[in-house]
Every structure is written in structure tokens, then in C-alpha cells.
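# Examining the three-dimensional arrangement
Spelled out from the first residue to the last, the chains are:
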Amino acid sequence: MNDASLPLVGVSRCLLGQRVRYDGRDKFSPRVAALAAHCLLVPFCPEVEAGMPVPREPAHVGGSPLEPRFVGNRSLEDHTFRLMGRIVARLDELARTPLAGYVFKSGSPSCAAVTMVPVFDDLGRTRGRSLGLFARAFRERFPWTPVADERVLADHSGWAAFLADVRRCHRRRGGGA
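Residues numbered from 1 in each chain as written. Predicted model: local features only at pLDDT ≥ 70, side-chain atom pairs only at ≥ 80, totals over all residues. Heavy atoms only, no water.

### Side note on the sheet that holds strand β6 (residues 117-120)
The line we're drawing: Here, any two strands with at least 2 DSSP bridges between them count as paired. Comment: elements are numbered from the N terminus, with helices defined as DSSP H or I runs of at least four residues and strands as E runs of at least two. An axis is simply a line fitted to the C-alpha atoms; with a helix, the fit covers only the stretch in contact. Between two such axes, the angle follows the N-to-C directions and lies from 0 to 180 degrees. Working rule for contacts: check all heavy atoms of both residues, and any pair within 4.5 Å makes them a contact.
Spatial strand order, β4-β3-β6-β7: four strands in an open sheet with mixed pairing. Sheet topology places β4 (68-72) and β7 (126-130) at the edges, where each strand pairs with a single neighbour. Averaged over all pairs of adjacent strands, the angle between their axes in this sheet comes to 45°, without regard to strand direction. Set on the sheet, helix α4 (residues 133-141) makes contact with β3 (59-63), β4 and β7; between it and β4 the angle comes to about 155°.

Printed below as a string of C-alpha cells:
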């Protein structure tokens, strides 16, 4: 297969070994990286691309499950406006591509897409659960695009099912055979 016939799959940058996390580390996943043999991987970290430094203060989902916010753990600084500006721009960019899937980082306040994360109020009380802000916006904008996280892909059957879904999506969008 040549590169033009490979499906495009978005991936959280930290899962590809890039040191973009709040603590300056990565969360390299060999199973996620193995998708590169079958797909063109498009890395993205909404926090870094919104101009947040590495390292940075850890954050959580604040507000409410219906109106989640991206909030610094210690400072309680609300970064939602800054982050969502970059997320909306990225979603607009992705809408112009034949993206066939996305692999998000589990447990992330911006990227949790399969298993929800807790939402905390300003006193630290749990107010419910939500997807990460980027994952939520992505799933609302592209509801038929397959998504996974590194936990799903750690299991062989989950990895194979995701890849099959990506290939089906790619074909529906006029991609390879």
C-alpha cells in the first residue's frame, strides 16, 4: 500500500512518545504506534497546541457534566476558552480531511473519549462524569468516526476491531480498497 491509500488516524501525541504531558513525560504505547504500519498517524495535543507549557500544572474537568471546563488543579485557573479556541480550529481542519479514526489518551481532561473522567466543583467534590473537552467536541462533530484509547488497543481483539472500523470508514469516505 502506498501512503495515499492508507487511512488517516488522529492520535494523542503523548501516545506516540512525544513529551507533551503536564509532567513533561510521554505515555508511549507500542500498540498505538503499531497502527503506523496500517495508517497515516496525525498527532495532536490540544493543550500544547493551545500554547500551554510543558511541564505545566495538572488539570481536571471542572464545572458540570453538561458544561465541562478545563481547570488547573491548584490554581483553579480556567483554561477552557484558550483550549476550546484551539480545539474548534483543529476540528475545522479535520473536517477538511478524510480522517478515518482517532486514538485518544484515556483519563485525560482533554482527551478521555472512551471512559469518562470525574467532573469536580471548585471545592473538589465530584459532580458527575464527562468525556475530556477535546474528545467530547470531536465525538459531537464526528459521531460516525471510530474512536479508541490506548486501553482499548492494548487488547488484540480491541486493536483488530478498531483497525477494521477505521478501514470501513476510510472506504466509505472514498479511500483505498
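### A closer look at a positive patch on the surface
Going by this rule: Patch members must show over 30% relative accessible area and no salt bridge, and they are joined within 9 Å when carrying like charges or within 5 Å when they are nonpolar side chains of Val, Leu, Ile, Met, Phe, Trp or Tyr. Each accessible area value is a Shrake-Rupley result obtained with a 1.4 Å probe; residue values ignore everything except the protein chains displayed when judging cover. We define a salt bridge as a side-chain nitrogen of Lys or Arg found within 4 Å of a carboxyl oxygen belonging to Asp or Glu. The positive count covers Lys and Arg only, the negative count covers Asp and Glu only, and His and the chain ends enter neither. For the purpose of locating charges, the reference atoms are NZ of Lys, CZ of Arg, CG of Asp and CD of Glu. We call a residue buried when its accessible area falls under 20% of the maximum for its residue type, exposed when it is over 50%, and partly exposed in between, using a 1.4 Å probe and counting protein chains only.
Taken together, Arg167, Arg171, Arg172 and Arg173 make up a surface patch of like positive charges. In this structure, Arg173 sits in the segment after α6 (156-172). Judged by its relative accessible area of 39%, Arg173 falls in the partly exposed class.

### Examining the packing of aromatic side chains
Which entries qualify depends on this criterion: What counts as a ring pair is set by centres within 6.5 Å for rings of Phe, Tyr and Trp (its six-membered ring), and what kind of pair is set by the plane angle: stacked under 30 degrees, edge-to-face over 60, tilted for all other angles.
This structure, assessed with the given rule, holds eight aromatic pairs. Taken together, a centroid distance of 5.0 Å and an interplanar angle of 55° make the contact between Tyr102 and Phe138 tilted. Of this pair, Tyr102 sits in strand β5 (residues 99-104) while Phe138 sits in helix α4, placing them 36 residues apart in sequence. Of the two residues examined, Tyr102 and Phe138, each falls in the buried class. With a centroid separation of 5.5 Å and an interplanar angle of 70°, the aromatic rings of Phe104 and Phe138 are classed as edge-to-face. Here Phe104, found in strand β5, pairs with Phe138, found in helix α4; they are 34 residues apart in sequence, far enough to count as distant.

### Thoughts on the pattern of salt bridges
One pass over the structure, following the stated rule, counts twelve salt bridges. With a closest N to O distance of 2.9 Å, Arg69 and Asp78 form a salt bridge. For Asp78, a relative accessible area of 40% corresponds to the partly exposed category. Connected through salt bridges with shared partners, the residues Arg13, Glu49, Arg86, Arg90 and Glu93 form a single ionic network.

### Brief notes about the environment of Lys27
By secondary structure assignment, the location of Lys27 is in the loop between β1 (8-12) and α1 (30-33). When the C-alpha atoms of Lys27 and Cys14 are compared, they prove to be 5.2 Å apart, with 13 residues separating the residues in sequence.

### Thoughts on the sheet that holds strand β2 (residues 40-44)
Taken in spatial order, the four strands line up as β2-β1-β5-β8 in an open sheet, and their pairing is parallel. Looking at strand neighbours, the two that pair on one side only are β2 and β8 (147-149), the edges of this open sheet. Adjacent strand axes in the sheet meet at a mean angle of 25°, parallel and antiparallel pairs treated alike. Note that β5 and β8 share three bridges and pair parallel.

### What about the nonpolar core?
So the rule is basically this: The term nonpolar core refers to a set of buried residues drawn from Ala, Val, Leu, Ile, Met, Phe, Trp, Tyr and Cys, joined through side-chain atoms within 4.5 Å.
Core analysis: the biggest nonpolar cluster contains 24 residues, and Ile87, Leu91, Leu94, Tyr102, Phe104, Phe134 and Phe138 have the highest contact counts within it. Secondary structure elements with two or more residues in this core: α3 (80-95), β5, β6 and α4. Looking at this core element by element, the count peaks at five residues for α4. Within the second largest apolar cluster, 18 residues are counted, among which are Val9, Cys45, Val103 and Leu153.

### A look at the state of the cysteines
Note the following rule: Pairs of cysteine sulfur atoms within 2.5 Å are what we label disulfides.
Enumeration according to the criterion identifies zero disulfides in this entry. This cysteine, Cys111, is not joined by any disulfide, and Cys45 carries the nearest cysteine sulfur, 6.5 Å off.

### Looking at α6
Put simply, the test is: Multiplying 1.5 Å by the helix residue count minus one yields the expected span of that helix. Directions pointing from the helix axis toward each C-beta atom define the arc.
An ideal rise of 1.5 Å per residue puts 24 Å on 17 residues; α6 measures up with 24 Å between its terminal C-alpha atoms. Within α6, the full set of buried residues consists of Gly158, Trp159, Phe162, Leu163, Val166, Cys169 and His170. Projected down its long axis, α6 carries its buried residues within an arc of 130°, all on one side. Within α6, the exposed residues directed more than 90 degrees away from the buried face are His156 and Arg172. Looking at the buried positions of α6, the neighbouring elements they touch are β1, α1, β5, β8 and α5 (150-154). Backbone geometry just after α6 places Gly174 at a positive phi near 90°.

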